[in-house]
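What follows is the residue order along each chain.
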Amino acid sequence: MVTPALCPPAAPGHPAAVRVPRVRHLGPNWYSAVMGTAALAGAGAALPAHIRPPQPVLAAVWALSLVLLTALLAARALHWTHHRDQARAHLLDPATAPFYGCLSMALLAVGGAALTAGRGLLGTGTAVALDAVLFTSGTAVGLAAAVAVPYLMVVRHRIEPEQATPVWLLPLVAPMVSAALGPALVPHLPPGQPRATLLLGCFALFGLSLLATLLMLPLILARLLLAGPLPLALTPTLFLVLGPLGQSTTATGAVADLAPGVVPEPYAHGLTVFAVLYGVPVMGFALLWLAFAAAQVVRARRRGMGFSLTWWAFTFPVGTCVTGAASLARHTGLAAYAVLAVGLYVLLLAAWTAAASGTLRGLLSGRLPAAPPRARPEPRPARVRTRSGAVR
């Protein structure tokens, strides 16, 4: 992952002397810290009321995510202003370009949590206005990334099959985040066409992201099966697969919640049925993938995997599973999904604590990696043929 680094000092009077050296290598991957922090607040607010964390705590976590977002937007603006060569290099780097989807998801996550966790601090009117701005800008950036990054991967990047990683999902999942968080703005629009347009637009974003993800996932799974485990530093990115699974379940539930009175009744009821018929099996697969990814992480830790910014991959995707399980708890009435949501939230809290503390220690020590880890396959043990002809 890319982290801030010092540049050589420029001579007085040289144009580079006005540059801010610490932002030269600041990549878009840093938005993952904003996403994870906002997810901690937003997912907590989605839990059943009687087991929800205290509202002041959620508001404080949301405020932290807003501060982080503001600081990173300012730093990235300086980066693009004073280090355009490095910014272009990030776009042309297949290991870094997919992280531009994180900018969209950071905007959307902070905006969505403003309506739930941050409303007590801001007031309803201000929270709605802030969410509207962040949702609009985040959706626009997400759609641009969903087109531009795959385009660059096809025409400019030079990619080998063994380089496929779950990081490729990031620009494709961004529209799904819009689909999950956009319906919350529907009640604040005028009745009629505006509400129906936004709600069905979110459902269209759900389909856009889902189909694109279904095209990409087989490439990632094939890479794992044929080339072996990911490099140790990239192993946490396996959790990114949970993002489209949990977020799509959340999206179908959110659309179903707002459908009555917005779309004609047969379709409103159909969306509610679809939310359950889709969400239950997808959440089942999410739990299977969670176990698979966790086993890979345990294996990587035993082989010496240390901290890197990829640990933030443990946070936001798990947060989407929390909101997905909470949505199924509402629509099915099953206490098992409420228990699952709480259990996943405990996992999210532990993951956020590990990622945040590791990032803080790395910043203070200056030991965070200076470049994204590459998806080179791990060497597999050599096969030996015995005298009987068996291979072991």
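Owing to the predicted nature of the structure, the values given are computational and were not obtained by experimental measurement.

So, about the overall build of the chain. Along the backbone of the chain there are 12 helices and zero strands. Seen in sequence order, the chain has helices and strands lined up from the N terminus as α-α-α-α-α-α-α-α-α-α-α-α. The proportion of buried residues among the 392 residues of the chain is 50%. Long-range contacts, defined here as pairs at least 24 residues apart, represent 80% of the contacts in the chain between residues at least 6 apart.

Below, the discussion takes up the side chain of T237. Structurally, T237 is set in the loop between α8 (193-227) and α9 (242-258). Relative accessible area serves as the criterion here: at 3%, T237 is assigned to the buried category. A distance of 2.5 Å separates a polar atom in the side chain of T237 from the backbone oxygen of L234.

Here we come to the pattern of salt bridges. Taken as a whole and assessed by the stated rule, the structure comprises one salt bridge. Two residues, D257 and R330, come together in a salt bridge whose shortest N-O distance is 2.6 Å. A residue pair is termed long-range when its members are at least 10 positions apart, and D257 in helix α9 and R330 in helix α11 (residues 316-332) qualify at 73 residues. In this structure D257 comes out as partly exposed when scored by relative accessible area, which is 36%. Taking the relative accessible area as the measure of exposure, R330 reaches 49% and is therefore partly exposed.

A word on the environment of L200. Looking at the element boundaries, L200 is found in helix α8. For L200, a relative accessible area of 43% corresponds to the partly exposed category. On a C-alpha basis, the gap between L200 and V255 in space is 8.1 Å, while along the polypeptide they are 55 residues apart.

Glancing now at the packing of α8 against helix α10 (residues 265-302). Two numbers describe how α8 lies on α10: the axes approach to 15 Å, and their chain directions differ by 25°. Between α8 and α10, the crossing angle belongs to the class labelled roughly parallel. Considering only the axes of α8 and α10, their crossing is left-handed. Contacts from F203, F206, L210, L221 and L224 in α8 reach L271, F274, Y278, W289 and F292 in α10. Of the residues belonging to the contact of α8 with α10, the class tally is 10 nonpolar, no polar and no charged.

In this structure, the largest pocket encloses a volume near 700 Å³. The wall of the largest pocket is formed by 31 residues, among which G42, A46, T116, L181 and T323 lie closest to the centre. Of all the elements in the fold, those that place two or more residues in the lining of the largest pocket are α1 (31-46), α4 (100-116), α7 (170-181), α9 and α11. Partitioned by chemical class, the residues of the lining of the largest pocket number 15 nonpolar, 11 polar and five charged. If you trace the second largest pocket, you find 17 residues lining it, with W30, A33, L68, T359 and L363 closest to the centre. Those elements that provide at least two residues to the lining of the second largest pocket are α1, α2 (55-82) and α12 (335-365). Here the residues of the lining of the second largest pocket sort into 15 nonpolar, two polar and no charged.

Next up on the list: the packing of helix α6 (residues 124-155) against α7. The N-to-C vectors of α6 and α7 enclose an angle of 155°; their axes lie 8 Å apart at closest approach. Judged by the inter-axis angle, α6 sits roughly antiparallel to α7. The interaxial crossing formed by α6 with α7 has left-handed handedness. Between α6 and α7, the contacting residues are F135, T139, G142, L143, A145, A146, V149 and P150 on the first element and P171, L172, A174, P175 and S178 on the second. Tallied by class, the residues present in the contact of α6 with α7 amount to 10 nonpolar, three polar and no charged.

Attention now moves to the nonpolar core. Proteins that are soluble and globular tend to have nonpolar side chains buried together. One finds M105, F239, L242 and Y345 to be the most contacted residues of the largest nonpolar core, which totals 111 residues. Excluding residues within four positions of it along the chain, M105 makes contact with M35, L170, V173, A174, V177 and F316.

Time to look at the packing of aromatic side chains. Summed over the entire model, instances satisfying the criterion amount to 10 aromatic pairs. Each member of the aromatic cluster is reached from another via a ring pair, and the members are F203, F206, F274 and Y278.

With that out of the way, let us pick up the environment of P244. Within the secondary structure, P244 sits in helix α9. A residue is classified by how much of its surface remains accessible, and P244, at 5% relative accessible area, is buried. Separated by 38 residues in the primary sequence, P244 and F206 have C-alpha atoms spaced 9.6 Å apart. If near-sequence neighbours (up to four positions away) are discounted, P244 is found in contact with V173 and T213.

So, about α9. The first and last C-alpha atoms of α9 sit 25 Å apart over 17 residues, in line with the 24 Å expected at 1.5 Å per residue. Where burial is concerned, most of α9 is hidden: 15 out of the 17 residues are buried.

Attention shifts here to empty space enclosed by the protein. Under the counting rule described, the total for this entry stands at three cavities of 30 Å³ or more. What lines the largest cavity is a set of 22 residues, among which M35, L170, L240, A313 and P317 lie closest to the centre. Those elements giving two or more residues to the lining of the largest cavity turn out to be α1, α4, α7, α9 and α11. Taken together, the residues of the lining of the largest cavity sort by class into 14 nonpolar, eight polar and no charged.

What counts, and where the lines are drawn
Residues numbered from 1 in each chain as written. Predicted model: local features only at pLDDT ≥ 70, side-chain atom pairs only at ≥ 80, totals over all residues. Heavy atoms only, no water. Helix = DSSP H or I, 4+ residues; strand = E, 2+ residues; numbered from the N terminus. Buried < 20%, exposed > 50% of the residue type's maximum accessible area, 1.4 Å probe, protein only. Contact = heavy atoms within 4.5 Å. Polar contact = N/O pair within 3.5 Å; in protein donor to acceptor, adjacent residues only side chain to side chain. Salt bridge = Lys/Arg side-chain N within 4 Å of Asp/Glu carboxyl O. Axes fitted to C-alpha atoms, helices over the stretch in contact; angles between N-to-C directions. Parallel < 35°, antiparallel > 145°, perpendicular 65-115°, else oblique. Left-handed = near helix turned anticlockwise from the far one by under 90°. Nonpolar A, V, L, I, M, F, W, Y, C, P; charged D, E, K, R; others polar. 1 Å grid on protein atoms, 1.4 Å probe; cavity = no way out; pocket = protein on both sides within 12 Å on 5 of 7 lines; lining within 4 Å. Points joined across faces, edges and corners; volume = space filled by probe spheres on them. Core = buried A, V, L, I, M, F, W, Y, C linked by side-chain atoms within 4.5 Å. Phe/Tyr/Trp six-rings, centres within 6.5 Å; stacked < 30°, edge-to-face > 60°. Expected span 1.5 Å × (residues − 1).

Everything listed is a geometric property; what it means functionally is a separate question.
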